[in-house]
Every structure is written in C-alpha cells, then in structure tokens.
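The primary structure of each chain is shown beneath.
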Amino acid sequence: MELVQKQDALVVSSIKEFVKHKSFVDVAPTVRNNINGYPFITFIDDKNVAENIYFSKAASEKVDAGTPVDKALMSQHQIAITKNAAGEERVKLISNSERIALSDLF
C-alpha cells in the first residue's frame, strides 16, 4: 500500500504497514498525554528517533494515559494521514471502522 496522500484524500493504512514504512522498531509501553491532555503513542525508529502519533478526537475518547500499548489496543486502531487547513500533513491513530466485505454481498 502506498502511504502517500493525494490532494485532500484521507489515506488509511494498518499500523503494521505504517510502522514498516517509517522503519519504527519500538514503541513506548503506555499511552501518554501531552500538556493539553491529548493522548498519543510514541514510536521509535531504527535510528532511535521518536515520533508521537496522536489519537483522533473520536479515538481519544476511548483511551486514557497509562493504557498499555499492546496487541489489543493496536488491533482496535489504524493510521490515517491527512492534511490540515494549512496544508500540513497530519498522522492520527483512528478507530477501526466497521466494514462489510463487498465479496460477502455477492
């Protein structure tokens, strides 16, 4: 999957694809909050550079600081890449959306 945003599109990918694309190898063990109370997970790449990925507004209502970053938490979320009004790229952790496979309908 290509992790490049085209125009105003929202690009969604699995966390697994995202971490592979960004060469992340570690993650902080718990969800943390910034000074304004917004929750995030810190990912660390293979050069030991950290990047904080924040939860979307809707997803942030379901996590608290101190929540363990484990398989259960990661399986409930995916990555969304979009641009804000100023044209800056934003990466967010979003809740998995409910979907029905089209192949199941035919």
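Before reading further, recall that the structure is shown in the block above.
Residues numbered from 1 in each chain as written. Predicted model: local features only at pLDDT ≥ 70, side-chain atom pairs only at ≥ 80, totals over all residues. Heavy atoms only, no water.

Draft legend 1. Examining the environment of Arg-90 more closely. When you line up the elements, Arg-90 lands in strand 7 (residues 89-95). Spatially, the C-alpha atom of Arg-90 lies 9.1 Å from that of Ile-53, the residues being 37 residues apart in sequence. For Arg-90, the contacting residues outside a window of four places in its chain are Ala-80, Ile-81, Thr-82 and Asn-84. Engagement of the side chain of Arg-90 in a polar contact is seen with the side chain of Glu-88, the distance being 3.0 Å. (Helix = DSSP H or I, 4+ residues; strand = E, 2+ residues; numbered from the N terminus. Contact = heavy atoms within 4.5 Å. Polar contact = N/O pair within 3.5 Å; in protein donor to acceptor, adjacent residues only side chain to side chain.)

Draft legend 2. Structural detail: the packing of aromatic side chains. Under the criterion given, the structure shown has four aromatic pairs. Ring centres of Phe-18 and Phe-24 lie 5.8 Å apart, and the angle between their planes is 50°; on these two criteria the pair is classed as tilted. Phe-24 matches Phe-18 in its accessibility class, with the two residues each being buried. A ring pair is formed by Phe-18 and Phe-43, whose centres lie 6.5 Å apart and whose planes are at 85°; its orientation type is edge-to-face. Of this pair, Phe-18 sits in helix 1 (residues 15-22) while Phe-43 sits in strand 4 (residues 39-45), and the two are 25 residues apart along the sequence. Judged by its relative accessible area of 2%, Phe-43 is buried. Ring pairs connect the aromatic residues Phe-18, Phe-24 and Phe-43, which therefore count as one cluster. (Phe/Tyr/Trp six-rings, centres within 6.5 Å; stacked < 30°, edge-to-face > 60°. Buried < 20%, exposed > 50% of the residue type's maximum accessible area, 1.4 Å probe, protein only.)

Draft legend 3. Broad picture of the pairing of strand 7. Direction of pairing for strand 5 (residues 50-55) relative to strand 7: parallel, over a ladder of two bridges. Within strand 7, the position partnered with Phe-55 by the bridge is Leu-93. Sheet topology places strand 6 (residues 77-83) next to strand 7; seven bridges connect them, and they run antiparallel. Across the sheet, residue Ile-79 finds its bridge partner in strand 7, namely Leu-93. (Pairing = 2+ DSSP bridges.)

Draft legend 4. Molecular detail of the pairing of strand 6. With five of seven residues buried, strand 6 lies mostly within the body of the structure. In this structure, strand 1 (residues 11-13) lies alongside strand 6, joined through three bridges in antiparallel fashion. Residue pairing in the sheet places Val-11 in a bridge with Ile-81 of strand 6. The turn linking strand 6 back onto strand 7 is made up of five residues, and Gly-87 within it adopts a positive phi angle of 85°.

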